[in-house]
Amino acid sequence: MRAIRHWLMGRILVPVSAGLLIGVGVQAATAPPMPAQRMMDALANANAAVVGIRVTATEDARSAETLGQRRRGSGVLIGKDGLVLTIGYLMLEAEQIEIVTQDNKTLPARAVAYDLATGFGLLRPLLPLPAAVAQHTVKLASTQALQPGEPLMAVTGPQPNDDGDIVMTRLVSKRAFSGTWEYHIDTALFTSPPITAPGGHSGAPLFNQQGELIGIGSLFVSDATGESPRTPGNMFVPVDLLRPILGELQQSGMSHLSRRPWLGLTSSDQGGRIQVMRVSKDSPADLAGLSSGDVVMAVDGAPVDTLEAFYKKIWDHSTPDAEITLTVRQGEDVKSIVLKAEDRMLTLKKPSSI
């Protein structure tokens, strides 16, 4: 613990006090400074709460096509009973899950929840955590008052032969985010500089200067600020989205918001056009004859020109298996195509624990 305090003293305390984090052209937030020793203790505890995650998906997992069969990332202890929060896509269709602790112990784990709507995942070790690890849990903090420029700390979890890393970064933007894979949240956190290790952003916890958890890493992005010139960074899912559903996730394995229509499309929305980039095999979109290059113009007769509008119009349907009519341009032809949507959660192979 002493070593991490000394490391942090050089990497965050000095840059924060001088406002010198390199590569981020924004002003620092003006929150009252935290006493140096308290900050070091809080950040050291936060770092100690981070674990590594290793996952092997089932051989016939649909998600293996895009995520691979073997995955690695990070998580963070949020409960003294060993409850770990991570990004959910790591756990999709998992056959085997392992937690790697800071003292290089590898423990088998089980999936507790995967929430499609937020992207969060919860897991718990099957064996008790070492006492020295279990004592380090983190508090969930609100991001409502978080302002661009605030110094933050992202941590990647340990892996065999890899101690993980600490990345000093800053918030550069808070705004809505629409993923290409039928995913949208109204507020996401964008930071820069980014985590540079390949895949290191997956599940990496993001902490404020008080050592409180504010987000879970999801993506590397090339436009963290959303403005020109483009600035590379990371997108984090804010833990504000977790608090209202945490009990539901532990009880049901998902939130009720995850039970919604899914078409199986990967799309982009450049220039006011919803263009299909990829169609998942045997998905409703595939069975209806959609293909890469098609342009979606309307949903149930209502024009859509952004991914957010597209998704929210689909999710307006009260049942996951609703019939949905898309107006689609295929080459020179404009067609009305009726799809019978699916519940995405039912298409995935679940770990037996959920």
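Residues numbered from 1 in each chain as written. Predicted model: local features only at pLDDT ≥ 70, side-chain atom pairs only at ≥ 80, totals over all residues. Heavy atoms only, no water.

## Some words on the overall build of the chain
Defined as follows: Numbering goes from the N terminus for both helices and strands, where a helix is a DSSP run of H or I of at least four residues and a strand is a run of E of at least two. For the area figures, the Shrake-Rupley method with a 1.4 Å probe applies, and any residue is considered shielded solely by the protein chains shown.
Along the chain, the regular secondary structure elements total eight helices and 20 strands. With an accessible surface of roughly 15,900 Å², the chain has 50% of that area assigned to carbon and sulfur atoms.

## Topic: the sheet that holds strand 5 (residues 106-114)
For clarity, the cut-off: The pairing criterion is simple: DSSP has to find at least two bridges between the two strands. Between N-to-C directions, angles span 0 to 180 degrees; the directions come from axes that are lines fitted to C-alpha atoms, helices contributing only their stretch in contact.
Spatial ordering of the closed barrel is given by 1-2-3-6-5-4, a layout of six strands whose pairing is antiparallel. Here the average twist between neighbouring strands, direction ignored, is 40°. Pairing of strand 4 (residues 94-100) with strand 5, which is carried by four bridges, proceeds in the antiparallel orientation. Bridge pairing in strand 5 links I99 to L107.

## Considering the environment of G200
Operational definition: Classification of residues uses two cut-offs on accessible area relative to the type maximum, computed with a 1.4 Å probe and protein chains only: under 20% is buried, over 50% is exposed, and between them is partly exposed. We call two residues contacting when some pair of their heavy atoms lies within 4.5 Å.
Positionally, G200 belongs in the loop between strand 9 (183-192) and strand 10 (205-207). A residue is classified by how much of its surface remains accessible, and G200, at 11% relative accessible area, is buried. Sequence separation between G200 and G217 is 17 residues, and the spatial gap between their C-alpha atoms is 8.6 Å. Setting aside residues no more than four positions away along its own chain, G200 makes contact with T156 and I195.

## Focus: the sheet that holds strand 8 (residues 165-179)
Pairing within the closed barrel is antiparallel, and its six strands lie in the order 7-8-9-12-11-10. For this sheet the average axis-to-axis angle between neighbouring strands, irrespective of direction, equals 45°. Inspection of the sheet shows strand 8 paired to strand 9 by eight bridges, in the antiparallel sense. When the sheet's bridge partners are listed, S173 is paired in strand 9 with F190.

## Examining unusual backbone geometry
In the segment running from S192 into P193, the intervening peptide bond is cis, with an omega of 5°. Along the chain, P193 falls in the loop between strand 9 and strand 10. Of the consecutive residues S228 and P229, the connecting peptide bond is found in the cis state with omega at -5°. If you check the backbone angles, D300 has positive phi at about 50° while not being a glycine. Checked against the element boundaries, D300 lands in the loop between strand 16 (295-299) and strand 17 (302-303).

## Some words on the nonpolar core
Nonpolar side chains in soluble globular proteins generally cluster together in the buried interior. For clarity, the cut-off: The criterion is simple. A nonpolar core is a set of buried Ala, Val, Leu, Ile, Met, Phe, Trp, Tyr and Cys residues joined through side-chain atoms within 4.5 Å.
By size, the foremost hydrophobic cluster in this structure holds 62 residues, and its most contacted members are V76, I78, L85, L122, F207 and L213. The biggest single contributor to this core is strand 5, with six residues. Those residues in contact with F207 that sit more than four places away from it in its chain are A46, V50, V76, V138, L152, M153, V155, E212, L213 and I214. Membership of the second largest hydrophobic core comes to 21 residues, among which are V276, A285, V296 and L339.

## Examining helix 2 (residues 36-48)
Basically, it comes down to this: Under the convention used throughout, the expected extent of a helix is 1.5 Å for every residue step, that is, one less than its residue count.
Here helix 2 contains 13 residues, and its C-alpha end-to-end distance of 18 Å stays within 8% of the 18 Å for a straight helix at 1.5 Å per residue. Those residues of helix 2 lying buried are M39, M40, A42, L43, A44, A46, N47 and A48.

## Some points on the packing of aromatic side chains
To keep things clear, this is the line we draw: Side-chain rings of Phe, Tyr and Trp (the six-membered ring for Trp) are treated as a pair once their centres are within 6.5 Å; stacked means planes under 30 degrees apart, edge-to-face means over 60, and tilted covers the remaining angles. Here, a charge over a ring means that NZ of Lys or CZ of Arg falls within 6 Å of the ring centre while also lying within 35 degrees of the ring normal.
Here the structure, examined in full by the defined rule, presents six aromatic pairs. Pairwise contacts between aromatic rings join F177, W181, Y183 and F190 into one cluster. It is R175 that lies over the ring of F190; its NZ or CZ is 3.8 Å from the centre.

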